[in-house]
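Residue-level listing of the chains:
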Amino acid sequence: MKYLLALLITLPSLTFAQRNWDAIEVKVNKVSDNISYLVGSGGNIGVIHGNDGVLIIDDQFAPLSEKIKQAVKTLSSEDIKYVLNTHYHGDHSGGNENFKNDGAIIVAQDMVRQRLSTTFTNEVFGREMPAKPDSYLPTITFSKDMTFHFNDEEMKFVHSPSAHTDGDAIIHFKTSNIIHAGDCFVRYGYPYIDISAGGSIDGMIDAQRMLLKIADAETKIIPGHGELASIKEVQELLEMLLETKKIVSDAKDSGESLGALVDRKPFAKFHEDWSGSFIDSDLFVKLIYESL
């Protein structure tokens, strides 16, 4: 398990080093008159623009900051005043320093700043992880929730504890009935539960229930990765999470070892629809098992 988690952590850094940033195009997808999301490389970037300026949700990787700014300029000539990080992962917060140097205020849940600002030893592969500089860190943080009144929109930032990580934020554009879910809800297959950063299967299940409580049949949901969704896709993810958790929980309670459980392929019925190149069925068994 330690080897597999180390692989998950090291592969993104190798990919980052090898990526051809010049070839990546940042595309604009409009959701409403003043709310859009950008697709480039990394998490979907939410954008709200108007007379008050521009607020973006997540900022992908630092080498893409100029392309992101140019994409935003096609929507508004106003400055980017706020950047909200849905969590600490680099494909969602990697541009913080660039946008902060331009004058934007970075906002995030308390645990995002704590994880980014603290040097720690990663016990998975035994090396020091240096803290980010102040120029990278969120300036404003919140614990449970926060409300922004911006561009005639009431925006609720809600903490979803111990889901994808321990610092996840779900953003509800209450006026427009739109949600940006961060990586609490994704559409690339099995979601990644970052157990090294406080994520858990129970928290992921709670996150889907939170989304379903906030949303209705007309709500447009921007996932952390993937295409625009509705409550139908959230319900499908919730049902899969509940069933896979029960399978693993029953096996663990009966004393079955992780290795034996993986070997008998308990997620075979989910494999075709949910297994992907990032999180496959075997790894998802392990992530659930370790989070229980």
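If you're wondering where the values come from, they're calculated on a predicted model, not measured in any experiment.

Chemist: Could you give an account of the packing of aromatic side chains, naming the residues involved and the relevant values?
Modeler: Per the counting criterion, the structure on display carries 11 aromatic pairs. Ring centres of Y82 and F148 lie 5.0 Å apart, and the angle between their planes is 75°; on these two criteria the pair is classed as edge-to-face. Of this pair, Y82 sits in strand β5 (residues 80-84) while F148 sits in strand β10 (residues 145-150); the two residues are 66 residues apart in sequence, bridging distant segments of the chain. Classification of F148 by relative accessible area gives buried; the value is 12%. Clustering of aromatic rings is evident, with ring pairs tying together Y82, F142, F148, F150 and F157. In this structure, K132 packs its charged tip against the face of Y136, placed 4.9 Å from the ring centre.

Chemist: Tell me about helix α5 (residues 110-117), residues and numbers included.
Modeler: Within α5, the full set of buried residues consists of M111, V112 and L116. Each buried residue of α5 sits inside an arc of 130° when the element is viewed along its axis, so together they form one side. Residues of α5 that are buried in the fold lie against α3 (90-93), α4 (96-101) and β6 (105-109). Near the N-terminus of α5, the side chain that reaches the backbone nitrogen of M111, with its oxygen 2.7 Å away, is that of Q109.

Chemist: Break down the pattern of salt bridges for me, with residues and values.
Modeler: Overall, the coordinates contain 10 salt bridges when judged by the stated rule. When the shortest N-O distance is used, the salt bridge between K69 and E66 registers 3.0 Å. A residue pair is termed a helical-turn pair when its members lie 3 or 4 positions apart in one helix, as K69 and E66 do in helix α2 (residues 65-73) at 3 residues. Notably, a salt bridge pairs E154 with K174, separated by 3.7 Å at the nearest N-O pair. Taken together, the positions of E154 in strand β11 (residues 153-160) and K174 in the loop between β12 (168-173) and β13 (178-180) put the pair 20 residues apart, joining distant regions of the chain. For E154, a relative accessible area of 30% puts it in the partly exposed group. Judged by its relative accessible area of 41%, K174 falls in the partly exposed class. One connected set of salt bridges, linked through shared partners, spans E66, K69 and D102.

Chemist: Explain unusual backbone geometry to me, and be specific about the residues and the numbers.
Modeler: You will see that S162, though not glycine, has its phi angle at about 55°, which is positive. Tracing the backbone through its elements, the reader meets S162 in the loop between β11 and β12. Looking at S162, the relative accessible area reads 30%, which means it is partly exposed. The phi dihedral of N177 falls on the positive side, at around 60°, and the residue is not glycine. In this structure, N177 sits in the loop between β12 and β13.

Rules and cut-offs
Residues numbered from 1 in each chain as written. Predicted model: local features only at pLDDT ≥ 70, side-chain atom pairs only at ≥ 80, totals over all residues. Heavy atoms only, no water. Phe/Tyr/Trp six-rings, centres within 6.5 Å; stacked < 30°, edge-to-face > 60°. Helix = DSSP H or I, 4+ residues; strand = E, 2+ residues; numbered from the N terminus. Buried < 20%, exposed > 50% of the residue type's maximum accessible area, 1.4 Å probe, protein only. Lys NZ or Arg CZ within 6 Å of the ring centre and 35° of its normal. Arc of directions from axis to C-beta. Contact = heavy atoms within 4.5 Å. Polar contact = N/O pair within 3.5 Å; in protein donor to acceptor, adjacent residues only side chain to side chain. Salt bridge = Lys/Arg side-chain N within 4 Å of Asp/Glu carboxyl O.

Read these as geometric descriptors, not functional statements.
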